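The residues making up each chain are set out below.
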Amino acid sequence: MSDKEKVIQLLDKVPDYKIGYVLAYLQGITADEETDDKFCESLLQDYLNDKDSGKHEVISIEEFAAQEGITL
């Protein structure tokens, strides 16, 4: 039995509520690397071209936690 046949056989044992996880994983490992790289580059360019003057503001994790009412 080939590995592909084993995978198909195992899929029959996966409960319906877990199929989404399997699907997401399979989509991830079959994604076209070039397309993924282009998408990531597009996100970077969108960020770099964003005119929001506050996009480079930095706060510490402690400040963020306090701002959100989280006790560290």
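Keep in mind it's a predicted model, so treat the numbers as computed, not measured. (Residues numbered from 1 in each chain as written. Predicted model: local features only at pLDDT ≥ 70, side-chain atom pairs only at ≥ 80, totals over all residues. Heavy atoms only, no water.)

1. Describing a nonpolar patch on the surface
Together, Ile59, Ile61, Phe64, Ile70 and Leu72 give the surface a local cluster of nonpolar side chains, amounting to about 520 Å² of exposed area. Among the secondary structure elements, Phe64 is positioned in helix 4 (residues 61-67). Classification of Phe64 by relative accessible area gives partly exposed; the value is 38%. (Patch = residues over 30% accessible without salt bridge, like charges linked within 9 Å, V, L, I, M, F, W, Y side chains within 5 Å. Areas by Shrake-Rupley, 256 points an atom, 1.4 Å probe, with all protein chains shown as cover. Salt bridge = Lys/Arg side-chain N within 4 Å of Asp/Glu carboxyl O. Helix = DSSP H or I, 4+ residues; strand = E, 2+ residues; numbered from the N terminus. Buried < 20%, exposed > 50% of the residue type's maximum accessible area, 1.4 Å probe, protein only.)

2. Some details on a negative patch on the surface
Residues Asp32, Glu33, Asp36 and Asp37 make up a contiguous surface patch of negative charge. With respect to the helices, strands and loops of the structure, Glu33 is situated in helix 3 (residues 33-49). On the basis of relative accessible area, Glu33 is assigned to the exposed category, the value being 54%. (Lys, Arg positive; Asp, Glu negative; His and termini not counted. Charge placed at Lys NZ, Arg CZ, Asp CG, Glu CD.)

3. Describing the packing of aromatic side chains
Following the criterion strictly, the structure yields zero aromatic pairs and no others. Over the ring of Tyr47 we find Lys55, and its NZ or CZ is 4.6 Å from the ring centre. (Phe/Tyr/Trp six-rings, centres within 6.5 Å; stacked < 30°, edge-to-face > 60°. Lys NZ or Arg CZ within 6 Å of the ring centre and 35° of its normal.)

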